[in-house]
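Chain and residue survey
The primary structure of each chain is shown beneath.
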Amino acid sequence: DESFNCRSTITRDSVEELKGSIEQEGLLFPIDVRPSLEAGFDYGLVCGFRRYTTCRILGWVTIPARVHENITDRQASVINLTENLERSDLNILEEANALESLFPSYRTIRSIATELNKDTKWVSIRRHLITMSPFIQNAAASGRLTARDLSYVRSSADPEKKARSLMRLATTKEKTKATYT
């Protein structure tokens, strides 16, 4: 179920990159699965969606896997998010969307940070990103706005104007601490 994965989409480029690595080195880390509740399947993927997709493309019939018995959907989601956060290849918007789907709005930033073993500022920036305009979200997802930029953008009277200003300064390499005042 791809909707379970906190990555928004598995791109052909990311699979091709991984394909070369798996062909050369083999599968270094097993995928994580749990018994499936869906008819016709013995197991459901918890994490390792790119690895699984790549191994299927390579024609593998079996794939090394760690089986997580008796875990809830929530526990599986936390495992999926934690693994992807530790691998550091989710963009900030994917992280924010995963937090949004995993943690109800009544959960405190501190409790989420504790559960994920992250700093409260890290969680706060991502929770606020969800409320920002699509322009700001896309700029953050593409890396044109950093987490630091977002903390200044969200406190601005005109967030989009501030975002555009920071992005313009970044392209002209004139960014200084004074930009953030």
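Description of the structure in this document. What you see is a predicted model; the values in this text were computed from it and never measured.

Turning next to helix H5 (residues 109-116). Those residues of H5 that fall on the buried side of the exposure criterion are Ile112, Ala113 and Leu116. All buried residues of H5 lie within an arc of 100 degrees about the axis, which places them on one face of the element. Set apart from the buried face of H5 by more than 90 degrees, the exposed residues are Arg110 and Thr114. Of the residues flanking the end of H5, it is Asn117, one or two places downstream, whose phi is positive at about 60 degrees.

Let us look at the sheet that holds strand E3 (residues 65-67). Within the open sheet, the three strands sit side by side as E2-E1-E3. Their pairing is mixed. Sheet topology places strand E2 (43-47) and E3 at the edges, where each strand pairs with a single neighbour. Each neighbouring strand pair of the sheet contributes to a mean axis angle of 40 degrees, computed without reference to strand direction. Bridging between strand E1 (residues 31-35) and E3 involves three bridges; their strand directions are parallel. Bridged to Asp32 within E3 is Arg66.

Here we come to the packing of helix H6 (residues 120-129) against helix H8 (residues 147-154). Direction vectors running N to C along H6 and H8 enclose 60 degrees, while the axes themselves pass 10 Å from each other. Judged by the inter-axis angle, H6 sits oblique to H8. Both H6 and H8 take part in a crossing whose hand is left-handed. Every residue of H8 that contacts H6 at Ser124, Ile125, His128 and Leu129 is listed here: Ala147, Leu150, Ser151 and Arg154. Of the residues contributing to the contact of H6 with H8, the split by class is four nonpolar, three polar and one charged.

A few words on the packing of aromatic side chains. Counted by the stated rule, this structure contains zero aromatic pairs. Its guanidinium or amino end placed over the ring of Trp122, Lys118 lies 5.0 Å from that ring's centre, counting from NZ or CZ.

Right, let's get into helix H1 (residues 12-25). Between the first and last C-alpha of H1 there are 20 Å, a value that for 14 residues agrees with the 20 Å anticipated at 1.5 Å per step. When we look at burial in H1, the residues that qualify are Ser14, Val15, Leu18 and Ile22. Buried residues in H1, looked at end-on, bunch into an arc of 90 degrees, giving them a common side. The exposed set on the far side of H1, more than 90 degrees from its buried face, consists of Arg12, Asp13, Glu17, Glu23 and Gln24. Where the residues of H1 are buried, they touch helix H2 (49-57). At the exit of H1 stands Gly26, carrying a positive phi of roughly 85 degrees.

All right, on to the environment of Val33 then. As for its placement among the helices and strands, Val33 is situated in strand E1. Judged by relative accessible area, which is 7%, Val33 ranks as buried. Residues contacting Val33, with those up to four places away along its chain left out, are Tyr43, Gly44, Leu45, Val46, Ala65, Arg66, Val67 and His68.

A complete count under the given rule lists eight salt bridges for this structure. A salt bridge links Glu95 to Arg126; its shortest N-O distance comes to 2.5 Å. Of the two residues, Glu95 is situated in helix H4 (residues 92-102) and Arg126 in helix H6; the sequence distance between them amounts to 31 residues. When sorted by exposure, Glu95 lands in the same class as Arg126, which is buried. One connected set of salt bridges, linked through shared partners, spans Arg74, Arg107 and Glu115.

Of all five residues that make up E1, four are buried, and the element is covered over most of its length. The sheet contact formed by E1 and E2 spans four bridges and is antiparallel. Bridge pairing in E2 links Pro35 to Tyr43.

Rules behind the numbers
Residues numbered from 1 in each chain as written. Predicted model: local features only at pLDDT ≥ 70, side-chain atom pairs only at ≥ 80, totals over all residues. Heavy atoms only, no water. Buried < 20%, exposed > 50% of the residue type's maximum accessible area, 1.4 Å probe, protein only. Helix = DSSP H or I, 4+ residues; strand = E, 2+ residues; numbered from the N terminus. Arc of directions from axis to C-beta. Pairing = 2+ DSSP bridges. Axes fitted to C-alpha atoms, helices over the stretch in contact; angles between N-to-C directions. Parallel < 35°, antiparallel > 145°, perpendicular 65-115°, else oblique. Left-handed = near helix turned anticlockwise from the far one by under 90°. Contact = heavy atoms within 4.5 Å. Nonpolar A, V, L, I, M, F, W, Y, C, P; charged D, E, K, R; others polar. Phe/Tyr/Trp six-rings, centres within 6.5 Å; stacked < 30°, edge-to-face > 60°. Lys NZ or Arg CZ within 6 Å of the ring centre and 35° of its normal. Expected span 1.5 Å × (residues − 1). Salt bridge = Lys/Arg side-chain N within 4 Å of Asp/Glu carboxyl O.

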